[in-house]
Amino acid sequence: MVIARRETGRNAQVESVPTLEQLVDRAQALADRHERALLGIAGPPGAGKSTLATALVTALTARQGEKTACYVPMDGFHLANCELERLGRRDRKGALDTFDAAGYVALLGRLRNQTDDVVYAPQFRREIEEPIAGALAIPRDVRLIVTEGNYLLVDTGPWRAVRTLLDETWYLDPPTKVRHARLIARHQEYGKTAEQARAWALGSDERNAGVVAATRHRADLLIPGSVSFLSTTPRLASK
């Protein structure tokens, strides 16, 4: 595998197209530390962040048991639809200012401190387009927290603290056409017409993608190309 390196603010950024097994090995190295580690996966809408996060946790759990890793997405901190309507932001849902960034930072801080027996986190449910409080339970003895979201590398407002609470942040950067196809399919799956899905993917989603793309240089690991290799998860799980 050809790897190109260039320095970033914190660590050497690796630019390559790794296999899923290589990514699982890198995540496992974090989990094998003496203290709990937090891994962030950033990238624009439709990059495959939740798919990769789920695959990592599934593979690590299969390798070393349930206490190895837990998935805690940023999307649970979407503002409720009623609040977005009050603020006049309902048509921009998913934008930087439609999340409770301070709440997300507070959760990461609790997970980092590891003083509570169990930390409960919210989860976003796409079928109702709303976050559900206390839907995810994270026991104190879980060694690796995998979190993902668009804005983990944003350096303004409350978002600035997110990067300091993560041990590593990876950035997924698939081709634009791949992202758009995924987003359109996702929007249609959850009730939008083909026309509505395309308009949202190429409009609101793409504006948010521009904000996210401006942060990619702050990642520890840049993963270019498509994440089609995620289909190898069952093979990894049996390792």
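Our structure is the block above this text.
Basis of the calculations
- Residues numbered from 1 in each chain as written.
- Predicted model: local features only at pLDDT ≥ 70, side-chain atom pairs only at ≥ 80, totals over all residues.
- Heavy atoms only, no water.
- Helix = DSSP H or I, 4+ residues; strand = E, 2+ residues; numbered from the N terminus.
- Polar contact = N/O pair within 3.5 Å; in protein donor to acceptor, adjacent residues only side chain to side chain.
- Contact = heavy atoms within 4.5 Å.
- 1 Å grid on protein atoms, 1.4 Å probe; cavity = no way out; pocket = protein on both sides within 12 Å on 5 of 7 lines; lining within 4 Å.
- Points joined across faces, edges and corners; volume = space filled by probe spheres on them.
- Nonpolar A, V, L, I, M, F, W, Y, C, P; charged D, E, K, R; others polar.
- Salt bridge = Lys/Arg side-chain N within 4 Å of Asp/Glu carboxyl O.
- Buried < 20%, exposed > 50% of the residue type's maximum accessible area, 1.4 Å probe, protein only.
- Pairing = 2+ DSSP bridges.
- Core = buried A, V, L, I, M, F, W, Y, C linked by side-chain atoms within 4.5 Å.
- Phe/Tyr/Trp six-rings, centres within 6.5 Å; stacked < 30°, edge-to-face > 60°.

Student: Just checking my understanding: could you explain the side chain of asparagine 81 for this structure?
Tutor: Mapped onto the fold, asparagine 81 is located in helix H3 (residues 81-87). Of the polar contacts made by the side chain of asparagine 81, one reaches the backbone oxygen of glutamate 129; its length is 3.2 Å. Ignoring anything within four residues of it in the chain, the contact list for asparagine 81 reads Arg90, Lys93, Ile128, Glu129 and Glu130.

Student: What is the right way to look at the layout of surface pockets in this model?
Tutor: The calculated volume of the largest pocket comes to roughly 940 Å³. Together, 35 residues line the largest pocket, and Asp75, His78, Phe124, Arg126 and Arg186 are the ones closest to its centre. For the lining of the largest pocket, the secondary-structure elements that each account for two or more residues are helix H2 (49-64), strand E5 (118-125), strand E7 (144-149), helix H6 (176-189) and helix H8 (204-213). Among the residues making up the lining of the largest pocket, the classes are represented as eleven nonpolar, eleven polar and 13 charged.

Student: Would you mind showing me how to read the pattern of salt bridges here?
Tutor: Pairs may arise between side chains of opposite charge once their charged atoms sit close together. Counted according to the given criterion, the structure contains 18 salt bridges. Across the pair arginine 112 and aspartate 167 runs a salt bridge whose closest N-O atoms are separated by 2.7 Å. On the criterion of sequence distance, the pair formed by arginine 112 in helix H4 (residues 101-113) and aspartate 167 in the loop between helix H5 (160-165) and strand E8 (168-173) is long-range, its members being 55 residues apart. Owing to a relative accessible area of 16%, aspartate 167 belongs among the buried residues under this scheme. What emerges from the salt-bridge pattern is a single network uniting Arg33, Arg112 and Asp167.

Student: What is the right way to look at the pairing of strand E9 (residues 221-224) in this model?
Tutor: In summary, the side chains of a regular strand alternate between the two faces of the sheet. Covered by surrounding structure in E9 are Leu221 and Ile223 together with Leu222 and Pro224, the residues of both alternating faces. In terms of strand pairing, E8 meets E9 through four bridges, oriented parallel. Its bridge partner being in E9, leucine 172 is matched across the sheet by isoleucine 223.

Student: In this structure, what is going on with the nonpolar core? I would like to understand it.
Tutor: In terms of nonpolar packing, the biggest core is built from 31 residues, with Val72, Tyr104, Ile138, Ile145, Trp159 and Val162 touching the most fellow members. Mapped by element, the contributors of at least two residues to this core are strand E3 (37-42), H4, E5, strand E6 (130-139) and H5. The greatest single-element share of this core, amounting to six residues, is contributed by H4. In this structure, valine 72 is in contact with Leu107, Leu111, Ala121, Leu136, Ile138, Ile145, Val146, Thr147 and Glu148, ignoring residues within four places of it in sequence. Counting 24 residues, the second-largest nonpolar core is a separate cluster that includes Leu23, Ala27, Leu52 and Trp170.

Student: Just checking my understanding: could you explain unusual backbone geometry for this structure?
Tutor: A negative phi holds for most residues other than glycine; trans holds for most peptide bonds. With a phi angle near 60°, glutamine 114 is a residue other than glycine that sits in the positive phi range. Counting through the fold element by element, glutamine 114 comes out in the loop between H4 and E5. Residue glutamine 114 is classed as partly exposed on the basis of its relative accessible area, which comes to 27%. Its identity as a non-glycine residue notwithstanding, glutamate 129 has a phi of 55°, on the positive side. With respect to the helices and strands, the residue glutamate 129 is situated in the loop between E5 and E6.

Student: Would you take a moment to explain the packing of aromatic side chains for this structure?
Tutor: The way to describe two aromatic rings as a pair is by their centre distance and the angle between their planes. Tallied over the entire structure, the rule returns five aromatic pairs. Centre to centre, the rings of phenylalanine 77 and tyrosine 104 are 5.6 Å apart; their planes meet at 55°, and the pair counts as tilted. One end of the pair, phenylalanine 77, is in the loop between strand E4 (69-71) and H3; the other, tyrosine 104, is in helix H4, and 27 residues separate them in sequence. Given a relative accessible area of 10%, phenylalanine 77 falls into the buried group. Looking at tyrosine 104, the relative accessible area reads 0%, which means it is buried.

Note that every value here comes from positions in space, so none of it alone points to a role or purpose.
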